[in-house]
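# Residue-level structural notes
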Amino acid sequence: MAIMQMPNKFTELEACYGQLVSWCDLLEAIADFLPCHVDERLCDTVTGGLIPLLQATHGLEEHVVSASLHAIMPDHDRVEAENRRSTERLFDMDAAQEVVDVLLALKNGDCRLSWDAIGYLLRSFFCLMRRRIKAEREIVGQIRKALARHEGMTVLDAQRATEIV
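In this report, the structure presented in the accompanying data block is examined.

The rules we used
Residues numbered from 1 in each chain as written. Predicted model: local features only at pLDDT ≥ 70, side-chain atom pairs only at ≥ 80, totals over all residues. Heavy atoms only, no water. Salt bridge = Lys/Arg side-chain N within 4 Å of Asp/Glu carboxyl O. Helix = DSSP H or I, 4+ residues; strand = E, 2+ residues; numbered from the N terminus. Buried < 20%, exposed > 50% of the residue type's maximum accessible area, 1.4 Å probe, protein only. Axes fitted to C-alpha atoms, helices over the stretch in contact; angles between N-to-C directions. Parallel < 35°, antiparallel > 145°, perpendicular 65-115°, else oblique. Nonpolar A, V, L, I, M, F, W, Y, C, P; charged D, E, K, R; others polar. Core = buried A, V, L, I, M, F, W, Y, C linked by side-chain atoms within 4.5 Å. Contact = heavy atoms within 4.5 Å. Polar contact = N/O pair within 3.5 Å; in protein donor to acceptor, adjacent residues only side chain to side chain. Left-handed = near helix turned anticlockwise from the far one by under 90°.

## As for the pattern of salt bridges
Per the counting criterion, the structure on display carries 15 salt bridges. Residue arginine 132 is joined to glutamate 61 by a salt bridge in which the shortest nitrogen-to-oxygen separation is 3.4 Å. Highlighted residues: arginine 132 in helix 4 (residues 115–150) and glutamate 61 in helix 2 (residues 40–65), separated in sequence by 71 residues. Given a relative accessible area of 8%, arginine 132 falls into the buried group. The exposure class assigned to glutamate 61 is buried, which follows from its relative accessible area of 2%. For arginine 78, the salt bridge goes to aspartate 75, with nearest N and O atoms at 2.7 Å. Taken as a pair, arginine 78 and aspartate 75 lie in helix 3 (residues 75–108) at a separation of 3 residues, close to a single helical turn. Residue arginine 78 is classed as partly exposed on the basis of its relative accessible area of 24%. Here the residues in one salt-bridge network are Glu61, Glu62, Glu82, Arg85, Glu88, Arg89, Asp92, Arg132 and Glu136, joined through shared partners.

## Brief notes about the environment of isoleucine 30
As for its placement among the helices and strands, isoleucine 30 is situated in helix 1 (residues 7–32). Of the residues examined, isoleucine 30 reaches a relative accessible area of 6% and is grouped as buried. Between the C-alpha atom of isoleucine 30 and that of glycine 119, which follows or precedes it by 89 residues, the distance is 8.0 Å.

## A word on the packing of helix 2 against helix 3
In the contact formed by helix 2 and helix 3, the axes pass within 8 Å of each other and the chain directions differ by 170°. When the axis of helix 2 is compared with that of helix 3, the two are roughly antiparallel. The residue inventory of the contact of helix 2 with helix 3, partitioned by class, reads 12 nonpolar, 4 polar and 8 charged.

## Overview of the nonpolar core
In terms of nonpolar packing, the biggest core is built from 41 residues, with Leu27, Leu50, Leu122 and Phe125 touching the most fellow members. Put simply, the parts of the chain that give this core at least two residues each are helix 1, helix 2, helix 3 and helix 4. Element by element, the count of residues in this core is highest for helix 4, at 11 residues. Once residues within four sequence positions are removed from consideration, leucine 50 is found in contact with Leu20, Trp23, Thr45, Ala96, Val99, Val100 and Phe125.

## Some words on the side chain of serine 66
Along the polypeptide, serine 66 turns up in the loop between helix 2 and helix 3. Residue classification places serine 66 among the buried positions, given a relative accessible area of 19%. Separated by 3.0 Å, the side chains of serine 66 and arginine 85 make a polar contact.

## Examining the packing of helix 2 against helix 4
For the pair helix 2 and helix 4, the least separation of the axes is 12 Å and the interaxial angle reads 25°. If you check the angle between helix 2 and helix 4, you find them roughly parallel. Remark: the crossing between helix 2 and helix 4 carries left-handed chirality. In this structure, helix 2 contributes Leu50, Leu54, His58, Glu61 and Val65 to the contact, and helix 4 contributes Phe125, Met129, Arg132, Glu136, Ile139, Val140 and Ile143. Of the residues belonging to the contact of helix 2 with helix 4, the class tally is 8 nonpolar, 1 polar and 3 charged.

This is the structure in structure tokens:
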């Protein structure tokens with residue numbers, strides 16, 4: 001797949017990563033200030049949007065990144081890497097669901113977890129997400145460079161073509 005055919009998908013993926021990082025910052029702020037009252041609108045925003053955002057991100061990763069892994073690794077490594085990435089996406093969804101469940105319970109005033117447990121849960125999620133996003137961005141960078149070499153572009157040209165920061 002030519003690099004010039006993917007700039008919108010790379011841009012969409014980076015936008016999803018940017019939004020996830022922003023939500024990680026928000027969850028970190030909540031964890032830092034526990035026990036505090038968690039704003040209901042904030043809970044509604046996160047609980048209503050986190051799972052769909054992760055699903056969109058995972059879909060783009062599968063479409064853009066998985067479809068381009070051939071550019072940076074041989075087939076036997078690619079199968080193993082894709083299996084690992086698929087498992088990580090399942091863990092992401094489970095962790096996100098736990099965050100949603102806890103925030104809903106906080107909003108409804110019936111959370112049975114201690115403040116320390118809530119803080120730990122939130123921190124586990126946003127630390128996991130930040131690590132995953134960093135790793136995925138590194139893979140996208142490697143793919144971008146490989147596709148650029150394949151098409152005779154400079155890395156700077158490839159970066160401009162894909163609009164990845």
